Amino acid sequence: MTFFASTAANHNDLAADEALRAGAEEKSIRIVPGGVEFSGNLETGYRFCLWSRTASRLLLLLGTGDNIETGDQLHHRAMQVPWFEHLSLKNSFAVHATVRKSRWLKNSQFGALKVKDAIADQFREIYDTRPSVDTENPDIIFHLHMDGIHGYFYLDLTGRSLHKRGYRRSDSSVSLKEHLAAALLLRAGWPEKAAGMKPLIDPFCGTGTIPIEAALMASDTAPGLLQPDSFAFLSWKGHDAELWKSLLTEAEERREKGMSLIPKISGWDISSQEIQAAESHAKNAGLESYISFTVQDASNPYADTIPIDGPGVIVSDPPYGIRMGIEADLRVLYKNFGNAIANNFPGWQVSLLAGEPELLREIKLRPDSTNILYNGAIKCTVAHYTIFDRETRNRLTEKAEAKQREREEAELSPGAEMFANRLKKNKRMLKAFLKRSKATSYRLYDADMPEYSAAIDIYEDKWVHLQEYAPPAEIELETAETRLLEMIDGVNRVTGIPYDYIFVKQRKRQRGKSQYNRRTSRGQTYIMKEQGLKFFVNFTDYIDTGIFLDHRPARQKIRELSNNKRFLNLFGYTGTATVYAAAGGALSTVTVDTSKTYLAWAEKNLELNGFTGMGHQFYISDCMEWLHTQSRTFDLIFMDPPTYSNSKSRTDDFDIQRDHRKLIVSAMRHLEKDGILVFSNNFRKFEMDEYIMEKYLVEEITHDTIPDDFLRTKHIHRCWIIQYRGKNITPRKVLIKKSTGQTKPGIPRKKPRVIKVSDANSDTVDGLKLDY
């Protein structure tokens, strides 16, 4: 038998361990997107359903099909699956479907309907009748998964989601789901610590999910034992009642033996209502005698509530802004909580789940390690700390500070001294610009000296983002490493920013899927400010930080143009342009990008600035496909496509030089007659298509959109205003304010160029074929 266990993001490895313990064949276990595949017998499947703490569902593979490219082909292949072996006439059923990378199947419901029809037709052929369909509460659920032209047909063995253990009868709006709480505990190493009878405290316990899941683990209680009669396989034709009964008996014996092995587990919360709910949930789980819940402030704990048999473990999900809608108060909370654990829990291990990693900085502790988990759509950082006693902490702090002073006071090498002098010169040249523009994040250096080839950006005078360009092959590795260290020393000496906040990457040309790859998994984000707005930035996980500093003037122009406008941001990335449009008074915004990660980032950026609600929409889609399938029109469109893209959501690659004509024409079809398209890209050899220049009124405004800190960088980007031609349109006077930025010596600004055409005002595409 082949099984597929669906999991939340970053739970795959935990579910793989559970599959191995359930008896899966070790060589068959394979981590795949969305879950884990493995092979085993029926007992393996039953054990997994009974004992899994981190998976959502378990599906049994019934059949597959290749080269499925139409609805009729899907129906034909589904007819070959022996549904009658799994479903009886007395049972009701439903079909669910998921679709990935399919060019022909765009609607998952259509795929589910085709499989439902195949099941019904098969039963009519055999029995002259068919089972009833019940989409609300079916006895049996079948799943179709289409991956391109490959189809997979499954039986859902669980029915309900496995995270629904049954002990939570009431829900707080911010309750942690059971499988996420279990994953957090496993990342914290709780099973091993529980075996050593270490106490556990959740100081922000809410309705008690973490303490209850901790007690279930410590007592060796199978999660499925809490409601064993709720599994869908009990109505399955292939169900083995005797086997299931024997596994339940074994689980009950293990639970009875394990109840005496539960260490002291405590839950705190400042809300008496939440504590009452937690106590009720513990009672439903049969654990009311094993967990103590107390109403108290985690930032100021009572001395008698701290276990004397410690040190132990703190595992918690503190409140964060996306959950609570607060920011300033939470920073104070985290700071006070950090002081509380530092002063009251020497020797303890602490694991915290944070939807806003920036808040963890307020704790003033350095994590030993971090993980990434997802609370629904919210990407969370799990930070693990060791709390040293005061004497050890002071000793380590003094040692680190002494090492820092020693490095900062050491004499610079001749190369580092030369590099530092160039940085000082650049700072002097930028001083007037920074004062005038009030920019707090800017480019300080960009390969000014050939032997020190890097781009250096300063963020808020707190963080350095140093991107070293890949050295030529003829440069020896030792020489390249020496120069990199000299750059790091030089930037530290000139800016005063500590080495810990100098983030170093090597930048090289990104092609294909590598441009989207994550570099690390630290998940640490910071908040920078620009023109009165705030943005999340990440210096470690990706090539770019989440904001393109050279587009600062372009974003400001979007703010100036967006009042009472419907705004569309194509290739939206992290939504920085969308934030500016919202701040400028846009009536509505739409942000489109292929990346779920970047769109979630964009939504967080808008929330950070107070822009929420139905007026701001986000679409995970290929932009060309989105333009082809939508009929909406907009007053202002911003489009900054990549030079090249081969993301997994596209069926073919994208090349800006080859495809920009088709892209611009498609975007213009969604632009109002008096609307404005702002088009930008950073391809150095880009040439605008002649058809676009003849068809529309095109004005290159690159000189107005490059800030002074990027003037030394040739071809950092190019930017155009594109409009329909018409009698009432005066692009220069109405749209763009003359830049007042000063020009550096030796870098003259070009005069604006308005491209005039004599073609008639036509709405047609003049024979241009649009291929999608």
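As a reminder, the structure under discussion sits directly above these lines.
Residues numbered from 1 in each chain as written. Predicted model: local features only at pLDDT ≥ 70, side-chain atom pairs only at ≥ 80, totals over all residues. Heavy atoms only, no water.

Peer 1: Sorry, what's going on with the overall build of the protein chain here?
Peer 2: A count of helices and strands for the protein chain gives 23 helices and 30 strands. Counting only residues that meet the buried cut, the protein chain has 53% of its 772 residues in that class. Contacts spanning at least 24 positions in sequence make up 74% of the contacts within the protein chain whose residues lie at least 6 apart. Total accessible area computed for the protein chain in this model is approximately 35700 Å², and 48% of it derives from carbon and sulfur atoms. (Helix = DSSP H or I, 4+ residues; strand = E, 2+ residues; numbered from the N terminus. Buried < 20%, exposed > 50% of the residue type's maximum accessible area, 1.4 Å probe, protein only. Contact = heavy atoms within 4.5 Å. Areas by Shrake-Rupley, 256 points an atom, 1.4 Å probe, with all protein chains shown as cover.)

Peer 1: Before we go on, may I ask you to explain the pairing of strand β23 (residues 616–620) in this structure?
Peer 2: Looking along a regular strand, one sees side chains alternate from face to face of the sheet. When strand β22 (residues 588–593) meets β23, the two strands line up parallel, connected through 5 bridges. Each residue of the ladder has a partner; that of Thr 589, found in β23, is His 616. In this fold, the crossover linking β22 to β23 by way of helix α18 (residues 596–608) has right-handed handedness. (Pairing = 2+ DSSP bridges. Right-handed = clockwise from strand over helix to strand, strands pointing away.)

Peer 1: Any chance you could explain the pattern of salt bridges here in plain terms?
Peer 2: Note that side chains of opposite charge can pair when their charged atoms are close. Within the structure shown, the criterion is met by 30 salt bridges. With a shortest N-O distance of 3.7 Å, Glu 178 and Arg 168 are connected by a salt bridge. Residue Glu 178 is located in helix α5 (residues 178–187), and its partner Arg 168 is located in the loop between β7 (150–156) and α5; the two are separated by 10 residues in the primary sequence. Exposure class is identical for Glu 178 and Arg 168. Each is buried. (Salt bridge = Lys/Arg side-chain N within 4 Å of Asp/Glu carboxyl O.)

Peer 1: Teacher, can you tell me more about the sheet that holds β7 here?
Peer 2: Each strand in a sheet pairs with its neighbour through backbone hydrogen bonds, running either in the same direction (parallel) or in the opposite one (antiparallel). Read across the sheet, 7 strands follow the order β2-β3-β1-β4-β7-β6-β5 without closing on themselves; strand pairing throughout is mixed. Sheet topology places β2 (30–32) and β5 (93–100) at the edges, where each strand pairs with a single neighbour. Sheet twist, expressed as the mean angle between neighbouring strand axes with direction ignored, is 30°. Bridge count for strand β6 (residues 140–147) against β7 is 6 bridges, and the pairing is antiparallel. Within β7, the position partnered with His 143 by the bridge is Tyr 154. (Axes fitted to C-alpha atoms, helices over the stretch in contact; angles between N-to-C directions.)

Peer 1: Explain the sheet that holds strand β14 (residues 378–386) here, please?
Peer 2: Read from one edge to the other, the open sheet built from 7 strands follows the order β10-β9-β8-β11-β12-β14-β13, with strand pairing classed as mixed. The sheet is open, and its two borders are formed by β10 (291–295) and β13 (369–375), each paired with just one other strand. With direction set aside, neighbouring strand axes in the sheet form an average angle of 20°. Taken together, the 2 bridges between strand β8 (residues 200–202) and strand β11 (residues 313–316) define a ladder with parallel strand orientation.

Peer 1: Quick question: what am I supposed to make of the packing of helix α2 (residues 42–51) against helix α8 (residues 241–258) here?
Peer 2: Packed helices, taken two at a time, are described by their axes: the angle between them and the distance between them. Interhelical geometry of α2 versus α8 gives an angle of 40° and a closest axis separation of 10 Å. Classified by the angle their axes make, α2 and α8 are oblique. As for the relative orientation of α2 and α8, their crossing is right-handed in sense. Counted together, Leu 42, Glu 43, Tyr 46, Arg 47, Leu 50 and Trp 51 of α2 and Leu 243, Trp 244, Leu 247, Leu 248, Glu 250, Ala 251 and Arg 254 of α8 form the full contact between these two elements. Tallied by class, the residues present in the contact of α2 with α8 amount to 9 nonpolar, no polar and 4 charged. (Parallel < 35°, antiparallel > 145°, perpendicular 65-115°, else oblique. Left-handed = near helix turned anticlockwise from the far one by under 90°. Nonpolar A, V, L, I, M, F, W, Y, C, P; charged D, E, K, R; others polar.)

Peer 1: Is there a simple way to explain the pairing of strand β29 (residues 718–723) in this structure?
Peer 2: Across the 6 residues that make up β29, a large majority, 6, are buried. Burial along β29 is two-sided: Arg 718, Trp 720 and Ile 722 facing one way and Cys 719, Ile 721 and Gln 723 facing the other are all buried. Strand direction decides the pairing type here: strand β27 (residues 671–681) and β29, joined by 5 bridges, are antiparallel. Paired with Phe 679 across the bridge in β29 is Trp 720.

Peer 1: Where do I start with the side chain of Thr 574 in this structure?
Peer 2: Along the chain, the position of Thr 574 falls in the loop between β21 (566–570) and α17 (576–583). Of the residues examined, Thr 574 reaches a relative accessible area of 0% and is grouped as buried. Of note is the side chain of Thr 574, whose polar atom sits 2.4 Å from the backbone oxygen of Gly 546. With near-sequence residues (within four places) excluded, Thr 574 lies in contact with Gly 546, Tyr 598, Trp 601, Ala 602 and Asn 605. (Polar contact = N/O pair within 3.5 Å; in protein donor to acceptor, adjacent residues only side chain to side chain.)

Peer 1: Looking at this model, I keep getting lost on the packing of α5 against helix α7 (residues 209–218). Mind explaining?
Peer 2: At a minimum axis distance of 9 Å, the contact between α5 and α7 shows a crossing angle of 65°. By crossing handedness, the relation of α5 to α7 is classed as right-handed. Residue-level inspection shows Glu 178, Ala 181, Ala 182, Leu 184, Leu 185 and Leu 186 of α5 in contact with α7, the latter providing Thr 209, Ile 210, Glu 213, Ala 214 and Met 217. Partitioned by chemical class, the residues of the contact of α5 with α7 number 8 nonpolar, 1 polar and 2 charged.

Shape descriptors only; they carry no functional weight alone.
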